[in-house]
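Summary of structural features
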Amino acid sequence: MPPTEATPKILIVDDQRSNVRLLEQTLLRGGYAGVMSTTEPCGVTALHLQHHFDLILLDLQMPEMNGFQVMEQLRPVRVELPVKILVLSADASQMPAVFEAGADSFMGKPFRLPDVVERVQLMLKGARAVVAPAAEPRPLLERPSPRVQA
Amino acid sequence: MTPSAPLRAPPARRSSRTATRAEKSAVELGRRKALLKTGALQNAILNSANFSSIATDDQGVIQLFNVGAERMLGYSAADVVDRITPADISDPQEVVARAAALSLELGTPITPGFEALAFKASRGLEDIYELTYIRKDGTRFPAIVSVTALRDDAQAIIGYLLLGTDNSARKHAEENLRRTEDSFRLMVESVSDCAIVMLDPDGRVASWNTGAQRIKGFTADEILGRHFSTFYPEDDVAAGKPQRDLEQAAASGRHEDEGWRIRKDGTLFWANIVFTSIRDHGGNLRGFAKLTRDLTERNKVEAILLTAKAVAEKANLSKSEFLSSMSHELRSPLNAILGFAQLMESDSPAPSPAQAENIIQILNAGWYLLELINEILDLATIESGKLSMSLEPVSLRELLLECHSMIEPLALRRGVHMSLPHSDAPYCVHADRTRIKQVLINLLSNAIKYNTPRGAVEIECSTNRDSGRVRITVTDTGAGLPPEQVAQLFQPFNRLGQEGNGEEGTGIGLVVSKRLVELMDGVIGVESTIGKGSSFWVELRSTAPLTLPAAAETIAAADSSAAAPDALRTLLYVEDNPANLRLVEKLIARRDDLRLLTAVNGNRGVELARTCLPDVILMDINLPGISGIEALKLLRHDPSTAHIPVVALSANAMADDIENGLEAGFFRYLTKPIKVPAFMKALNLALAFAEETHDAAH
């Protein structure tokens with residue numbers, strides 16, 4: 001569901017270009033036009049002060065400055081300039097720490113693109129902390145073995 | 001002639017002389033009496049069956065041969081009297097040897113023969129010697145013989161008396177003792193694995209064996225008589241340790257020590273030493289037995305083993321850490337692969353049919369790879385011992401229904417028919433609900449995937465009569481497995497020739513299942529028939545289903561009466577186990593002051609808490625998805641739910657679990673099974689707390 005009136009401002013923070021590109025395209029197709037991105041976590045606070053984002057999609061494992069440090073730096077700024085933070089990480093065991101550090105939501109990598117769009121929608125609508133659907137039973141997809149297909 | 005006859009064939013001369021002497025002294029009554037008495041004594045001696053008494057004339061010819069002699073030698077008196085000399089019934093070689101020895105000793109030639117036996121006695125010397133008598137039947141026996149010369153009143157020798165005893169028994173005992181001593185000595189001497197050393201009471205070496213020589217390097221000649229402190233390092237000697245060791249051994253009978261000792265060549269060895277004090281029957285210290293073992297090699301081996309163990313443990317830990325971090329590392333590039341493939345799939349303009357097919361292949365491979373990574377991570381988590389189990393009663397009927405509904409779509413796509421147990425028997429097992437579900441889903445999906453088209457999967461429950469455990473069996477109508485494959489089935493990465501049939505599967509699933517079942521104190525196994533199918537089974541401890549104690553509802557109802565009817569308050573219970581949910585539902589049903597909301601996982605629980613803002617939350621710890629502790633953190637993090645008291649209700653009843661729980665911020669930590677009074681008390685406290693904070697806020 002594309003936003004209509006005020007276009008939400010979204011920032012993607014990931015040191016890997018491919019991930020940034022993937023999220024950019026995903027959000028664009030999801031109807032979000034106001035998407036910015038950076039591969040340099042050090043500049044996130046400055047960017048937020050400048051652009052007043054509604055949502056930041058944040059990677060955890062980054063050289064120089066990791067996602068936790070970014071959130072730490074943002075913490076005082078968020079009092080005046082609130083911004084939702086969605087952390088995307090391959091390490092689900094970090095989830096509790098991520099929330100502790102001030103994130104509003106968490107998604108595991110790899111993700112399904114529709115799930116990302118849906119999560120962003122939910123968060124922008126004002127839903128407070130949202131967590132990935134229970135990782136209960138793994139999807140039992142019917143799919144042929146790649147080894148046979150190769 | 002009978003053996004009992006006294007003085008048979010008395011020597012005529014002696015007899016007549018005794019008579020003469022008796023007549024001469026007849027006037028003296030006392031002497032006569034003494035003589036009579038002496039005669040009686042003589043008779044007794046001569047009639048003794050245990051002494052051979054042989055009297056000869058001065059030439060050695062036997063004149064008297066008593067019962068004892070007859071018994072020992074086998075001759076009757078008639079055989080020998082007046083016929084032979086004692087030399088004739090003695091070992092001739094010994095007689096010759098004795099003659100030679102006496103000739104040498106006395107410096108006069110002595111003829112082998114009776115003279116050799118009687119010569120000393122004839123010179124008035126006391127003579128007792130050992131010799132070998134030869135019996136009539138030719139057998140021999142050792143005897144101790146005392147020879148006395150018989151003299152007349154003029155001191156002229158009129159004969160000899162040879163009193164002999166059979167020395168066989170003593171000889172035999174001596175021989176035995178000698179043999180025992182010999183073999184004992186040989187044994188001690190030949191032991192080469194440890195040093196067995198005798199010390200005298202002062203600590204000087206009195207005996208030395210092969211082991212001592214081997215371990216310490218000294219030969220017996222070099223060390224006998226030297227003080228045992230020679231074996232101690234200088235410092236120990238200076239500190240008086242050797243003497244202390246002996247004193248302790250003397251005081252307590254046994255003293256053990258372990259430490260460095262020194263060899264002849266000056267090298268050190270690590271020794272275990274046991275001192276045992278040796279005392280005679282009177283309790284006097286006779287010395288010490290010292291047993292020394294060289295433990296240097298053992299110590300080396302122990303050190304090597306310890307190092308190896310540490311290395312292995314470290315390797316195992318780093319393996320787990322490696323697998324865990326690798327899993328995370330692999331996800332990032334996989335995210336790009338799967339992400340861009342998904343983008344391409346939904347591109348506009350849409351991909352051509354051929355492109356779409358290729359993209360599906362990329363996606364399939366990618367999701368499969370993700371599953372593989374997840375399972376490796378699972379296995380690494382289990383093997384690192386980090387997986388916690390929350391064991392509680394789990395009702396199989398509900399569990400199997402859940403599994404069935406989860407797996408049904410896959411079965412439908414494959415055209416495989418699934419059947420649940422026919423009986424409604426309420427099987428209840430002691431298990432971690434989430435984990436046993438994971439195991440059953442794995443078995444069921446295997447049974448479907450490796451089945452024949454239009455095959456069947458049957459789920460059964462039964463009680464194993466031997467173990468009393470509950471067995472869940474999943475039977476398929478697949479190809480079946482040969483025994484050699486069955487044996488490898490629970491090993492990682494053994495897809496057993498299934499590679500060719502186009503089925504997915506990492507082969508880790510069964511390994512994970514096995515580990516999980518074992519963590520639940522259960523057993524997993526399989527029976528398979530080629531061409532017929534396989535039956536995988538899991539056996540778990542049976543347990544009684546959760547039931548309310550009879551008085552529980554009364555207690556619950558009594559609590560509600562105090563509350564004002566208008567103050568209807570909300571309790572949220574987050575719990576995945578329906579049995580527990582039902583139990584709490586029943587408890588709360590009787591309290592008209594409470595309404596109960598339930599959520600079956602942490603996420604749903606947190607969502608529900610945010611929308612409904614309950615007064616009190618009951619939280620299971622071991623939940624699918626996020627754990628109860630994580631859910632608590634989420635609630636605390638959110639200002640709207642931060643104030644709600646959350647009571648933990650968990651099967652994790654270890655002190656550590658409880659401490660961690662309370663540290664995490666739970667209002668109270670209750671353990672399953674639920675104890676109704678404690679449960680109600682905690683609930684009331686939490687409600688009171690909620691009311692206070694509510695009042696304070698407004």
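Scope of this entry: the structure provided in the associated data block. It should be emphasised that the depicted structure is a prediction, and the values quoted were computed from it without experimental measurement.

What follows deals with the overall build of chain A. Per the secondary structure count, chain A includes 6 helices and 6 strands. Seen in sequence order, chain A has helices and strands lined up from the N terminus as β-α-β-α-β-α-β-α-β-α-β-α. Classification of the 150 residues of chain A by burial places 36% in the buried group. A sequence separation of at least 24 residues applies to 66% of the contacts in chain A between residues at least 6 apart.

Attention now moves to the overall build of chain B. Across its full length, chain B carries 23 helices and 22 strands. Here chain B holds 698 residues, and 34% of them are scored as buried. Taking the contacts inside chain B whose residues are at least 6 apart along the sequence as the reference set, 60% of them involve residues at least 24 apart.

The subject of this paragraph is the sheet that holds strand β5 (residues 157-166) of chain B. Residues and elements named next belong to chain B. Spatially, 5 strands are ordered β2-β1-β5-β4-β3 in an open sheet, and the strand pairing comes out antiparallel. At either end of the open sheet lies a strand with only one pairing partner, and these are β2 (62-65) and β3 (127-134). The mean angle between the axes of side-by-side strands here comes to 30°, regardless of whether they run parallel or antiparallel. One ladder, built from 3 bridges, connects strand β1 (residues 51-57) with β2; its direction is antiparallel. Paired with threonine 56 across the two strands is isoleucine 62, which belongs to β2.

Grouped together as the largest cluster of nonpolar side chains are 120 residues, with contacts concentrated most on Leu57 of chain A together with Leu444, Met619 and Val647 of chain B. Residue contacts for valine 647 of chain B: discarding those within four places in its chain leaves Val616, Leu618, Met619, Phe666, Phe667, Arg668, Leu670, Ala682 and Ala686 of chain B. Within the second largest apolar cluster, 31 residues are counted, among which are Phe65, Leu73, Phe119 and Leu162 of chain B.

Looking now at the pairing of strand β16 (residues 523-529) of chain B. All names here are of chain B. Where β16 lies against strand β17 (residues 533-540), 7 bridges are found, and the strand directions are antiparallel. Each residue of the ladder has a partner; that of glutamate 527, found in β17, is serine 535. Counting the residues in the hairpin turn of β16 and β17 gives 3 residues, including glycine 531, whose phi is positive at 85°.

With that settled, the discussion passes to the environment of alanine 251 of chain B. Looking at the secondary structure, you find alanine 251 of chain B in helix α11 (residues 241-252). Note: C-alpha distance between alanine 251 of chain B and serine 277 of chain B (26 residues apart in sequence) is 8.5 Å.

Regular strands place their side chains on alternate faces of the sheet. Residue and element names in this part refer to chain B. Taken across its 8 residues, β17 has 6 buried, putting it largely inside the fold. In this structure, strand β15 (residues 470-476) lies alongside β17, joined through 6 bridges in antiparallel fashion. Bridged to threonine 475 within β17 is serine 535.

Our next topic: unusual backbone geometry. For the peptide bond that leads from lysine 109 of chain A to proline 110 of chain A, omega is -5°, which places it in the cis range. Relative to the assigned elements, proline 110 of chain A resides in the loop between β5 (105-108) and α5 (113-124). The omega angle of the peptide bond from serine 348 of chain B to proline 349 of chain B is 5°, so this bond is cis rather than trans. Here proline 349 of chain B shows up in the loop between α12 (296-345) and α13 (353-383). Of note in this structure, arginine 454 of chain B is not a glycine but carries a positive phi near 60°. Position of arginine 454 of chain B among the secondary structure elements: in the loop between α15 (433-449) and β14 (456-463).

To continue, consider helix α6 (residues 114-122) of chain B. Residues and elements named next belong to chain B. Among the 9 residues that make up α6, 7 are buried, leaving the element largely enclosed by the rest of the structure. Along α6, the residues that are buried comprise Phe114, Ala116, Leu117, Ala118, Phe119, Lys120 and Ala121. As for α6, its buried residues are in contact with α5 (92-106), β3, β4 (140-151) and β5.

Residues and elements named next belong to chain B. For the pair α13 and helix α17 (residues 509-519), the least separation of the axes is 10 Å and the interaxial angle reads 25°. Considered as vectors, α13 and α17 are oriented roughly parallel to each other. Crossing geometry of α13 relative to α17 is assigned as left-handed. Taken together, the residues of α17 that come into contact with α13 (itself represented by Glu375, Asp378, Leu379 and Ile382) are Gly509, Val511, Val512, Arg515 and Leu516. Residues that form the contact of α13 with α17 fall into these classes: 5 nonpolar, 1 polar and 3 charged.

This part takes up α15 of chain B. Given a rise of 1.5 Å per residue, 17 residues ought to cover 24 Å, and the 24 Å separating the end C-alpha atoms of α15 of chain B matches this to within 8%. Counting buried residues along α15 of chain B, 17 of its 17 residues qualify, which places the element largely inside the surrounding structure.

Our next topic: the environment of proline 482 of chain B. Residue and element names in this part refer to chain B. Secondary-structure assignment places proline 482 in the loop between β15 and α16 (483-488). A tally of 13 C-beta atoms within 10 Å means that proline 482 is categorised as partly exposed. Between the C-alpha atom of proline 482 and that of serine 528, which follows or precedes it by 46 residues, the distance is 7.3 Å.

Residues and elements named next belong to chain B. With respect to topology, 5 strands assemble into an open sheet ordered β7-β6-β10-β9-β8, the strand pairing being antiparallel. One side of each edge strand has no neighbouring strand; the edge strands of this open sheet are β7 (205-207) and β8 (254-262). Each neighbouring strand pair of the sheet contributes to a mean axis angle of 35°, computed without reference to strand direction. Pairing of strand β6 (residues 194-199) with β7 involves 2 bridges; the strand directions are antiparallel. Following the sheet pairing, methionine 198 is matched in β7 by serine 207. Most of the contacts of α11 go to β8, to which it runs at about 165°, and overall it touches β8, β9 (268-279) and β10 (285-294).

Attention shifts here to the packing of helix α20 (residues 602-612) of chain B against helix α21 (residues 628-637) of chain B. Residues and elements named next belong to chain B. For the pair α20 and α21, the least separation of the axes is 9 Å and the interaxial angle reads 25°. Regarding the angle of α20 to α21, the classification is roughly parallel. The two elements α20 and α21 cross, and the hand of that crossing is right-handed. The segment α20 lies against α21, with Gly602, Gly605, Val606 and Ala609 engaging Gly628, Glu630, Ala631, Leu634 and Leu635. The residue inventory of the contact of α20 with α21, partitioned by class, reads 5 nonpolar, 3 polar and 1 charged.

Cut-offs applied
Residues numbered from 1 in each chain as written. Chains lettered and ligands numbered in written order. Predicted model: local features only at pLDDT ≥ 70, side-chain atom pairs only at ≥ 80, totals over all residues. Helix = DSSP H or I, 4+ residues; strand = E, 2+ residues; numbered from the N terminus. Buried ≥ 20, exposed ≤ 12 C-beta atoms within 10 Å, placed from the backbone. Contact = placed C-beta atoms within 7 Å. Pairing = 2+ DSSP bridges. Axes fitted to C-alpha atoms, helices over the stretch in contact; angles between N-to-C directions. Core = buried A, V, L, I, M, F, W, Y, C linked by C-beta atoms within 7 Å. Parallel < 35°, antiparallel > 145°, perpendicular 65-115°, else oblique. Left-handed = near helix turned anticlockwise from the far one by under 90°. Nonpolar A, V, L, I, M, F, W, Y, C, P; charged D, E, K, R; others polar. Expected span 1.5 Å × (residues − 1).

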